[in-house]
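Reading the structure
So you can see what is in the structure, the chains are spelled out below.
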Amino acid sequence: MALFDREYYRDEAPPPRLGASDRMMVTNLVILNVAIYVVDIFLGRQHWLLESLSLSSADFASPWLWWKFLTYGFAHMPYPILDHIFWNMLGLWMFGRDVELLYGRRELLTFYLVTLVFGSLVWALRYQVSGPQGPPQVLLGASGAVTAVVLLFVFHYPKRTILLMFVLPVPAWVMGVLIIGGDLMQMLSGSGQRAVAFDVHLAGAAFAIAYYRFGWNLSGWLRGLKGIGASIGPRNPRPRLKVHEPDAEDIEEDEEADRLLIKVRDQGMSSLTAKERRVLEAYSRRMRQKHQSN
């Protein structure tokens with residue numbers, strides 16, 4: 001039995017093109033975050049771009065600014081502070097690629113964005129409950145969503161060996177314990193840096209735990225809501241799909257994809273050659289097109 005049960009449809013997809021749609025979503029997210037950071041540098045020392053995207057604790061009372069509950073995740077501490085964006089994007093890129101291969105581009109993006117919003121809501125509500133203390137606080141950075149993505153990696157590959165701080169080889173579950181335990185201890189003890197939103201990290205961790213435990217499918221829910229909206233309006237006839245039996249080429253491609261998925265599971269994304277990565281990404285696109293047509 002293959003890794004996945006499949007229905008076979010003849011794909012009528014256009015030839016592959018070079019562009020953002022051909023890259024992994026994790027790569028697109030890293031590029032977007034870095035691009036915003038670099039543009040802000042060239043816009044001057046006022047850092048108005050990052051400030052415009054950041055979320056203030058006072059914005060909770062201003063519904064016209066609620067879009068910042070998402071955009072804060074694409075702003076990081078401004079130049080010359082580099083470690084904030086560096087560690088966030090490194091963590092997203094290192095562990096997010098394996099997660100994306102498991103869930104697909106759309107689900108990874110939906111999970112990432114929903115986690116950003118969830119973390120900022122928890123942060124804002126906590127501020128409202130505790131009451132204003134001094135001037136309004138500002139939230140920025142993707143740490144909560146990156147924490148959630150890293151923990152999804154840990155849940156799926158708990159025994160995968162990683163290099164902690166690039167030096168100490170440990171199983172992935174140790175990293176998960178350190179992330180949750182470290183944030184929890186520093187938040188409760190108050191010994192951590194005041195500039196670090198540990199509650200947002202823990203909100204991302206809690207969301208990842210619930211997501212994994214209950215097997216949520218966020219992009220599927222959104223498609224379902226879209227379908228409800230479409231059913232209210234006039235219905236257009238859906239194109240008919242031709243079902244066909246898998247030929248020898250289909251079977252060979254599926255077997256190769258299964259072999260590469262097993263290799264990723266056991267050895268990680270870094271074990272793939274450039275050619276193997278292209279094969280797996282082409283297979284992933286084909287499966288997504290099949291499900292979208294279905």
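Here the residue index of a chain counts from 1 through its sequence in written order. Note on the predicted model: pLDDT of at least 70 is required for a residue's local features to be given, and 80 or more for side-chain atom pairs to be given and counted; whole-chain, interface and lining totals, by contrast, use all residues. With hydrogens and water stripped out, all remaining heavy atoms of the structure feed into the side-chain values.

1. Details of the overall build of the chain
Applied cut-off: Numbering of helices and strands runs from the N terminus, with a helix taken as a DSSP run of H or I at least four residues long and a strand as a DSSP run of E at least two residues long. Burial classes follow relative accessibility: with a 1.4 Å probe on protein chains only, a residue under 20% of its type's maximum area counts as buried, one over 50% as exposed, and anything between as partly exposed. Any pair of residues with heavy atoms lying within 4.5 Å of one another is described as a contacting pair. Per-residue and other accessible areas follow the Shrake-Rupley method at a 1.4 Å probe size, with only the shown protein chains counted as cover for residues.
Each helix and strand in the chain was counted, giving 11 helices and 4 strands. By the burial criterion, 41% of the 294 residues in the chain qualify as buried. Restricting the contact set of the chain to residue pairs at least 6 apart, pairs at least 24 apart contribute 71%. Total accessible area on the chain stands at roughly 17800 Å², and carbon and sulfur atoms take up 64% of it.

2. Here we look at the environment of Val138
In this structure, Val138 sits in strand S2 (residues 138-139). The exposed category is assigned to Val138, whose relative accessible area is 53%. C-alpha separation for the pair Val138 and Ala197, spaced 59 residues apart in sequence, amounts to 9.8 Å. Those residues in contact with Val138 that sit more than four places away from it in its chain are Ser54, Leu55, Ser56 and Trp123.

3. Remarks on helix H4 (residues 83-103)
For clarity, the threshold we go by: Multiply 1.5 Å by the residue count of a helix minus one, and that product is the helix's expected span. Bend is the name given here to the angle between axes fitted to two runs of seven residues, the run ending at a residue and the run starting at it.
For H4, spanning 21 residues, the distance from its first C-alpha to its last is 29 Å, which sits close to the expected 30 Å at 1.5 Å a residue. Residue Gly96 marks the point of greatest curvature in H4, where the axis turns by about 45°. Looking one or two places after H4, you find Gly104, whose phi comes out positive at around 95°.

4. Section: the nonpolar core
Keep this limit in mind: We define the nonpolar core as a collection of buried residues of types Ala, Val, Leu, Ile, Met, Phe, Trp, Tyr and Cys that are connected through side-chain atoms lying within 4.5 Å of one another.
Among the nonpolar cores identified, the biggest contains 49 residues, and Leu92, Phe111, Tyr112 and Phe153 are the most heavily contacted of them. Those elements that provide at least two residues to this core are helix H1 (25-42), helix H2 (48-53), H4, helix H5 (105-130), helix H6 (143-156), helix H7 (172-189) and helix H8 (198-214). It is H6 that provides the largest number of residues to this core, a total of 9 residues. Leaving out residues up to four positions away in the same chain, Tyr112 has contacts with Leu29, Asn33, Phe74, Met89, Leu92, Ala142, Ala145, Val146 and Val149. Counting residues in hydrophobic clusters, the runner-up holds 10 residues, among them Leu260, Met269, Leu272 and Met287.

5. Thoughts on the packing of aromatic side chains
For the record, the criterion: Within 6.5 Å between ring centres, the rings of Phe, Tyr and Trp (the latter by its six-membered ring) count as paired, and their orientation is classed by plane angle as stacked under 30 degrees, edge-to-face over 60, tilted in between. Two conditions define a charge located above a ring, namely a distance within 6 Å from the ring centre to NZ of Lys or CZ of Arg, and an angle within 35 degrees of the ring normal.
Applying the stated criterion to the full structure yields 13 aromatic pairs. Consider the rings of Phe155 and Tyr212, whose centres lie 5.1 Å apart with planes at 35°: the pair is tilted. Here Tyr212 lies in helix H8 and Phe155 lies in helix H6, a separation of 57 residues in the sequence. Judged by centre distance (5.9 Å) and plane angle (50°), the ring pair of Trp216 and Trp221 falls under tilted. An aromatic cluster of at least three residues, connected via ring pairs, comprises Tyr103, Phe111, Phe118, Phe207, Tyr211, Phe214, Trp216 and Trp221. Across from the ring centre of Tyr157, 4.3 Å away, lies the NZ or CZ of Arg160, which sits over that ring.

6. Topic: H6
For H6, built from 14 residues, the straight-helix expectation of 20 Å at 1.5 Å per residue is met to within 8% by its first-to-last C-alpha distance of 20 Å. In terms of burial, H6 is a largely internal element, 12 of the 14 residues being buried. Contact partners of the buried residues in H6: H4, H5, strand S3 (161-164), H7 and H8.

By themselves, these are just geometric observations and shouldn't be taken as functional.
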